[in-house]
Amino acid sequence: MTKQRVLFLCNANSARSLMGEALLRHLAGDRFEAFSAGSEPDEPHSLTLATLTKQGISTEGLASKSLDDFAGEHFNAVIVLCDKAQQACRDWQGSSDEHLYWDIRDPRLIERRDAYEQALNEIRQRLSLWLQIKARDDIQR
């Protein structure tokens, strides 16, 4: 069975989209190939990596990448996690079968100790529901 390709996008590719990529690999890496990128990529934030590690999610291979790195590629799903990336996607030279928009608050802009945990948990909740729908759709085929 060919793995479905999923691209997570946000502005800096330093927190939310990296969390999505790592979490999808953790939850369903046998069925999905996960990638992430940013419209204005930065370095992975140390609190992103620490939060993932604390919850037992591998950070191996995580690196900030530009949306342009994926120009011309096709994905089964693109999941956008912020407004800025949503706007940048309009000009992106790639394609997807499914385009989702989950507006997750940027933990870098929230002055609370648990901001990164909160963002990861919100992504986990939405991703878990999405995976349930995907599993049901696969059964019905």
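A brief structural summary. (Residues numbered from 1 in each chain as written. Predicted model: local features only at pLDDT ≥ 70, side-chain atom pairs only at ≥ 80, totals over all residues. Heavy atoms only, no water.)

## Let's talk about the pattern of salt bridges
Step number 1: Applying the stated criterion across every chain, the model contains ten salt bridges.
Step number 2: Close ionic contact of Asp 106 with Arg 108 constitutes a salt bridge, the shortest N to O distance being 2.8 Å.
Step number 3: Note on Asp 106: relative accessible area 11%, which makes it buried.
Step number 4: By relative accessible area, Arg 108 is classed as partly exposed at 32%. (Salt bridge = Lys/Arg side-chain N within 4 Å of Asp/Glu carboxyl O. Buried < 20%, exposed > 50% of the residue type's maximum accessible area, 1.4 Å probe, protein only.)

## With respect to the packing of helix α1 (residues 16-28) against helix α4 (residues 115-140)
To describe two helices that pack against each other, one gives the angle between their axes and the distance between the axes.
Step number 1: Close contact between α1 and α4 brings their axes to 10 Å; oriented N to C, the two are set at 50°. In terms of orientation, α1 and α4 fall into the oblique class. The two elements α1 and α4 meet at a crossing, and its hand is right-handed. In this structure, α1 contributes Arg 16, Met 19, Gly 20, Leu 23, Leu 24, Leu 27 and Ala 28 to the contact, and α4 contributes Tyr 116, Ala 119, Leu 120, Ile 123, Arg 124, Leu 127, Ser 128 and Leu 131.
Step number 2: Looking at the contact of α1 with α4, its residues break down into eleven nonpolar, two polar and two charged. (Axes fitted to C-alpha atoms, helices over the stretch in contact; angles between N-to-C directions. Helix = DSSP H or I, 4+ residues; strand = E, 2+ residues; numbered from the N terminus. Parallel < 35°, antiparallel > 145°, perpendicular 65-115°, else oblique. Left-handed = near helix turned anticlockwise from the far one by under 90°. Contact = heavy atoms within 4.5 Å. Nonpolar A, V, L, I, M, F, W, Y, C, P; charged D, E, K, R; others polar.)

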